[in-house]
Amino acid sequence: MILSLLNKIAGLFEKDFLFASFLPALIFMAAVAATLTGVVGFEASWSWIDSWTALQKAVAAAGTGLAVIVFAYVLSVLRPVFLRFWSGTVDSWFLKPFLWPFFSLGKRFQRYRYDRLRQKENEPARWGKVQRDFRNLVNSRINDNRINDNLPGIPAKELNALKLEIKISLEDADLSRFERIAGKIANLYAKYNENSLTDLYKLVYGNLNDRVKYEEAPIREARRERDWKFGGMASIQATDLGNIIEAYKAYPYERYGIEAEIFWPELHNVMPEDFLTLVDEPRILLDFSLAMASLLGVYGILALFGGAWLWTNCLFWAILAMVAFTGSYFFYRVGVTAVNQYSALYRASFDLFRLELMYKLYRNHPPKLSVEREQWKQLSQLALYGYSQDFDLRPRADH
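The structure contained in this document is the topic of the report that follows.

Definitions and limits used
- Residues numbered from 1 in each chain as written.
- Predicted model: local features only at pLDDT ≥ 70, side-chain atom pairs only at ≥ 80, totals over all residues.
- Heavy atoms only, no water.
- Helix = DSSP H or I, 4+ residues; strand = E, 2+ residues; numbered from the N terminus.
- Buried < 20%, exposed > 50% of the residue type's maximum accessible area, 1.4 Å probe, protein only.
- Contact = heavy atoms within 4.5 Å.
- Areas by Shrake-Rupley, 256 points an atom, 1.4 Å probe, with all protein chains shown as cover.
- Axes fitted to C-alpha atoms, helices over the stretch in contact; angles between N-to-C directions.
- Parallel < 35°, antiparallel > 145°, perpendicular 65-115°, else oblique.
- Left-handed = near helix turned anticlockwise from the far one by under 90°.
- Nonpolar A, V, L, I, M, F, W, Y, C, P; charged D, E, K, R; others polar.
- Phe/Tyr/Trp six-rings, centres within 6.5 Å; stacked < 30°, edge-to-face > 60°.
- Lys NZ or Arg CZ within 6 Å of the ring centre and 35° of its normal.
- Expected span 1.5 Å × (residues − 1).
- Bend = angle between axes of the 7 residues up to and from the residue.
- Patch = residues over 30% accessible without salt bridge, like charges linked within 9 Å, V, L, I, M, F, W, Y side chains within 5 Å.
- Salt bridge = Lys/Arg side-chain N within 4 Å of Asp/Glu carboxyl O.
- Core = buried A, V, L, I, M, F, W, Y, C linked by side-chain atoms within 4.5 Å.

### Side note on the overall build of the chain
Assigned secondary structure in the chain consists of 15 helices and zero strands. Across its three principal axes, the chain shows a C-alpha extent of roughly 115 × 70 × 40 Å. For the chain, the proportion of its 399 residues judged to be buried stands at 37%. Counted over contacts in the chain with a minimum sequence separation of 6, partners at least 24 positions apart contribute 76%. Accessible surface computed for the chain: about 24,100 Å², of which carbon and sulfur atoms make up 61%.

### Let's talk about the side chain of Ser 380
The residue Ser 380 is located in helix H15 (residues 369–385) in this model. In contact with Ser 380, not counting residues within four places along its chain, are Gly 257, Glu 259, Phe 263 and Tyr 385.

### Let's talk about the packing of helix H14 (residues 314–360) against H15
At their nearest, the axes of H14 and H15 sit 12 Å apart, and the two run at 55° to each other. It follows that H14 is oblique to H15 by the angle criterion. Crossing handedness for the pair H14 and H15: left-handed. Contacts between H14 and H15 pair Arg 354, Leu 355, Leu 357 and Met 358 from the former with Glu 372, Gln 375 and Trp 376 from the latter. Each residue belonging to the contact of H14 with H15 can be placed in one class, and the counts come to four nonpolar, one polar and two charged.

### Topic: the packing of aromatic side chains
Counted by the stated rule, this structure contains 19 aromatic pairs. Taking 6.2 Å as the distance between ring centres and 40° as the angle between the ring planes, the aromatic pair formed by Tyr 329 and Tyr 332 counts as tilted. Of this pair, Tyr 329 and Tyr 332 both sit in helix H14, three residues apart, roughly one helical turn. When the ring of Phe 330 is compared with that of Phe 331, the centres are 5.3 Å apart and the planes differ by 75°; the resulting orientation is edge-to-face. One aromatic cluster in this structure is built from Phe 85, Trp 86, Phe 103, Tyr 329 and Tyr 332. Above the ring of Trp 228, the side-chain terminus of Arg 347 is found at 4.3 Å from the ring centroid.

### Quick word on helix H2 (residues 15–40)
For H2, which comprises 26 residues, the first-to-last C-alpha distance of 36 Å matches the rise-based estimate of 38 Å (1.5 Å per residue) to within 8%. Remark: the principal bend of H2, roughly 35°, maps to Phe 22, with a proline, Pro 24, within the next four residues. Regarding H2, the residues found buried are Phe 17, Ala 20, Ser 21, Phe 22, Pro 24, Ala 25, Phe 28 and Thr 35. Directly beyond the C-terminal end of H2, a positive phi value near 115° is found at Gly 41.

### Side note on a nonpolar patch on the surface
Nonpolar side chains collect at one region of the surface, where Leu 66, Val 70, Val 74, Leu 78 and Val 81 lie side by side and expose about 340 Å² of accessible area between them. With three residues, the single largest contributor to the nonpolar patch is helix H4 (residues 54–77). Assignment of secondary structure puts Leu 78 in the loop between H4 and helix H5 (79–87). Owing to a relative accessible area of 31%, Leu 78 belongs among the partly exposed residues under this scheme.

### Describing the pattern of salt bridges
Within this structure, the stated rule accounts for 20 salt bridges. Measuring nitrogen to oxygen at the nearest pair gives 2.5 Å for the salt bridge that ties Lys 15 to Glu 281. Pair noted here: Lys 15 is in helix H2 and Glu 281 is in helix H13 (residues 273–305), with a separation of 266 residues, a long-range link. Of the residues examined, Lys 15 reaches a relative accessible area of 41% and is grouped as partly exposed. For Asp 240, the salt bridge goes to Arg 333, with nearest N and O atoms at 3.2 Å. In this pair, Asp 240 is assigned in helix H11 (residues 240–256) and Arg 333 in helix H14, connecting sequence segments 93 residues apart. Note on Asp 240: relative accessible area 22%, which makes it partly exposed. Arg 333 gets classed as partly exposed once you look at its relative accessible area, which sits at 30%. Several salt bridges share partner residues, and in doing so they unite Asp 16, Arg 79, Asp 280, Arg 283 and Asp 287 into one network.

### Some remarks on the environment of Glu 254
Of note, Glu 254 is situated in helix H11. The spacing of Glu 254 and Met 292 is 38 residues in sequence and 33 Å in space, taken between C-alpha atoms. The contact partners of Glu 254, leaving out residues within four places of it in the chain, are Asp 227, Gly 231 and Arg 373.

### What about the side chain of Ser 343?
Here Ser 343 shows up in helix H14. Look past the residues within four positions of Ser 343 in its chain and what remains in contact with it is Trp 228, Ile 244 and Tyr 248.

### Things to note about the nonpolar core
In this structure, Leu 241, Trp 264, Leu 267, Met 271 and Trp 376 are the most contacted members of the largest nonpolar core, which totals 53 residues. Elements supplying a minimum of two residues to this core: H2, H4, H5, H11, helix H12 (260–270), H13, H14 and H15. Counting residues per element, this core draws most heavily on H14, at 15 residues. Each residue touching Leu 267, except ones within four places of it in the same chain, is listed here: Ser 349, Phe 350, Phe 353, Arg 354 and Leu 357. Formed by 23 residues, the second largest nonpolar core is a distinct cluster that contains Ile 142, Ile 185, Ala 186 and Leu 208.

### Side note on H15
The α-helix advances 3.6 residues per turn, and as a result positions three or four apart in sequence lie on the same side. With 17 residues, H15 should cover 24 Å at 1.5 Å per step; its first-to-last C-alpha distance of 24 Å lies within 8% of that length. When H15 is considered as a whole, its buried residues turn out to be Glu 372, Gln 375, Trp 376, Gln 378, Leu 379 and Ser 380. Against H11, H12 and H14 lie the buried residues of H15.

Right under this line is the structure:
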């Protein structure tokens, strides 16, 4: 314990510890000190400090610095606890009865969001069906009339009337009306030769293609959002943060069959330093944000329920608590932004360096994805259960 503390003191100016633990500890203790000073009175507090001897001031400064460092070390140890809490998981038997109703409501809301996205993904592509039916009907009519090469061209007057009708139906965006027009034009291939109808076909098919793209855009967006914000129905958490974490943890297994939590530390060893620096930036911001969100929440609770014991001005403590809870939510949202950035880099890490890791584990580079997935499955069985079917290892290169 003492050795760990000394190591933390020695590495105080390392970016990870400085921003993710020391800075939140310093801000929290400064806020508590400022609050107590405000209650006692700034002039009285300053006069009291001014009455100290030089030795007392030096000892107080050293003690305060040591207290901040120790508190920062405690926050560093509590990072996993903060992450689980803001992800919607409570391990404490004492807090569970109080927080269970909120987390239960959160899960129901997140399930509702998940169901809405799935519903958007499965919405029928109505314009796409019209496009496919139109193309198939035209091809059918053309094939039926291949034996007759003497069909006349469509009259200019009828052609212009049909173009106007198509334009009006597109402005109305009436699918059923446009479907009738598309069928009508497809049937013209039985009366007129194919070349004379080319402009009409391009006009109809091109506009249908634009409608299909417009119709499919929200479907693609819903699929992308579900992939980035949810791991699956069985792993839904009570908060946005928890679901994003579940989503990026599920990504390596769904894409490549890799057990991410097992192989992530090993992957770290094959990632280049510049990429590791990119990955660490949002992780440090996430740790800082969750520490600040947690400490501000604690500060708000202390102000709301303990402040009146120091000073009976309830309005003062209510305002402080409201500011603290608002700040806590703000830093939580910052944490959600940071975990989104981390998610992108986490996924990219497996996309870019998983084969380097496989080579380091003495497996040959697979020729195709199906072989790769089978190799990761075997390695996962070995890492998780200590058992796997016998498999070939790449021979060590002679140095």
